[in-house]
Amino acid sequence: MRHIQMILIASLLLALPATALADVWGLEAGETVNVTDDTSRAVALLLEQGLAEEGVTVLRARPGTSTREFFAREADAVVRYSIIGIGATTKVSVQLLDESGTADSAFSLSSNTQDDLDTICARLARSLVSGKAPREGESIYEVTEQEQQPLRQKKSNTYYGFKILGVTALTSELTRAPLKFGVGVFALYDPRFFFAELFANISGGSHEDFQEFSTEFGVAGYVPFTKSTICPYAGLGVALATRTANWSGRSTNLDGGLTGSASLGLIIGRTSDVTLRTELRYFVDTFDVDKEFSSGLMYFAAIGF
């Protein structure tokens, strides 16, 4: 019996502080923009109910009640809210004010349907009490219709096209043919703030008894310098390349491997569905060509759709 009495006394002692320290908050009449009176009253009542469920004693606003008057009525804080209608969306914002009028916390949620007002008001009330953002305290049963919608994404463009190119070797035995010609295909991805490219090129040429054939399969990234329809750019690339040549009766697969490049270019018609493009590219092979350092220039004109 003595144990039971001690348990009851301990329970009462634990309960007393919660009652003694229960918060008393004033609830101001909210500001509204482009919402009906019914919606305004519904939000006020739902916020009051949500705060009460969180253990807060709510003082309602009387006609013309100011923030200072709530504290005169021994409120510990004041909740100020606003409701804004934007098209089909209703945004509810709340602030918890101290006696100086400073906002200790502020939160907002939006709803695309009246059915979600109960949910967002309950979450906002909980956030005011806990100090945590509404998303931190939500349960699986409190997801609003707006939160179920997919995120909006910025538009990006992808151009596919072909190019006519020229290649001039600057070092190695490949200089035996001063100029080679070729063709290529590409896919250029443009998400507005950079370019990314996949490309494939073939080129070849001959001079006197020298003949060469080269291939490239690579990727490149570029930085645009403007946002206009005529856009200069610069970038870097890497490709898997092969070099095959014969001269003076000698036929050989010279070598193959990675080649790196740096580019300067210009795109015309970036805001159109058809683009023209020109580029100057300096490339360096990471492999020797006939035991010599290999580098050169590539220049091309391209059209993309």
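Located above this text is the structure these notes cover.
Just so it is clear, the model here is predicted, and its values are computed rather than measured.

Asks: What should I look at first to understand the pattern of salt bridges in this one?
Replies: Proximity of charged atoms lets side chains of opposite charge pair with each other. A complete count under the given rule lists 13 salt bridges for this structure. For Glu-279, the salt bridge goes to Arg-277, with nearest N and O atoms at 3.1 Å. There is no split in this pair, since Glu-279 and Arg-277 are both buried.

Asks: How should a nonpolar patch on the surface be read in this particular structure?
Replies: Residues Leu-198, Val-219, Val-238, Leu-240 and Leu-258 make up a contiguous nonpolar surface patch of roughly 430 Å² in combined accessible area. Position of Val-238 relative to the elements: it lies in strand S11 (residues 230–247).

Asks: Would you explain the packing of helix H2 (residues 37–53) against helix H4 (residues 117–130) in this entry?
Replies: A pair of packed helices is characterised by two quantities: the angle between their axes and the separation of those axes. At a closest axis distance of 8 Å, the pairing of H2 and H4 adopts a crossing angle of 45°. Taken together, the axes of H2 and H4 lie oblique to each other. Between H2 and H4 lies a crossing of right-handed hand. Here Thr-39, Val-43, Leu-46, Leu-47, Gly-50 and Leu-51 of H2 lie close against H4, whose contacting residues are Leu-117, Asp-118, Cys-121, Leu-124, Ala-125, Leu-128 and Val-129. Grouping the amino acids of the contact of H2 with H4 by side-chain chemistry returns ten nonpolar, two polar and one charged.

Asks: Would you mind going over the side chain of Thr-275 with me for this structure?
Replies: Position of Thr-275 relative to the elements: it lies in strand S13 (residues 275–285). Every residue in contact with Thr-275, bar those within four places of it in the chain, is listed here: Tyr-159, Ile-267, Ile-268, Gly-269, Arg-270, Ala-302, Ile-303 and Gly-304.

Asks: Would you take a moment to explain the nonpolar core for this structure?
Replies: Nonpolar side chains in soluble globular proteins generally cluster together in the buried interior. In terms of nonpolar packing, the biggest core is built from 25 residues, with Trp-25, Val-43, Leu-51, Tyr-81 and Leu-128 touching the most fellow members. Contributions of two or more residues to this core are made by strand S1 (24–27), H2, strand S4 (77–86), strand S5 (89–97), strand S6 (103–111) and H4. With six residues, the single largest contributor to this core is H4. Non-local contacts of Trp-25, meaning those with residues more than four positions away in its chain, are made with Leu-51, Val-56, Thr-57, Val-58, Leu-59, Asp-76, Ala-77, Val-79, Leu-96, Leu-128 and Val-129. Tyr-159, Phe-186, Leu-188 and Phe-195 belong to the second largest nonpolar core, which has 17 residues in total.

Thresholds, definitions, all that
- Residues numbered from 1 in each chain as written.
- Predicted model: local features only at pLDDT ≥ 70, side-chain atom pairs only at ≥ 80, totals over all residues.
- Heavy atoms only, no water.
- Salt bridge = Lys/Arg side-chain N within 4 Å of Asp/Glu carboxyl O.
- Buried < 20%, exposed > 50% of the residue type's maximum accessible area, 1.4 Å probe, protein only.
- Patch = residues over 30% accessible without salt bridge, like charges linked within 9 Å, V, L, I, M, F, W, Y side chains within 5 Å.
- Areas by Shrake-Rupley, 256 points an atom, 1.4 Å probe, with all protein chains shown as cover.
- Helix = DSSP H or I, 4+ residues; strand = E, 2+ residues; numbered from the N terminus.
- Axes fitted to C-alpha atoms, helices over the stretch in contact; angles between N-to-C directions.
- Parallel < 35°, antiparallel > 145°, perpendicular 65-115°, else oblique.
- Left-handed = near helix turned anticlockwise from the far one by under 90°.
- Contact = heavy atoms within 4.5 Å.
- Nonpolar A, V, L, I, M, F, W, Y, C, P; charged D, E, K, R; others polar.
- Core = buried A, V, L, I, M, F, W, Y, C linked by side-chain atoms within 4.5 Å.

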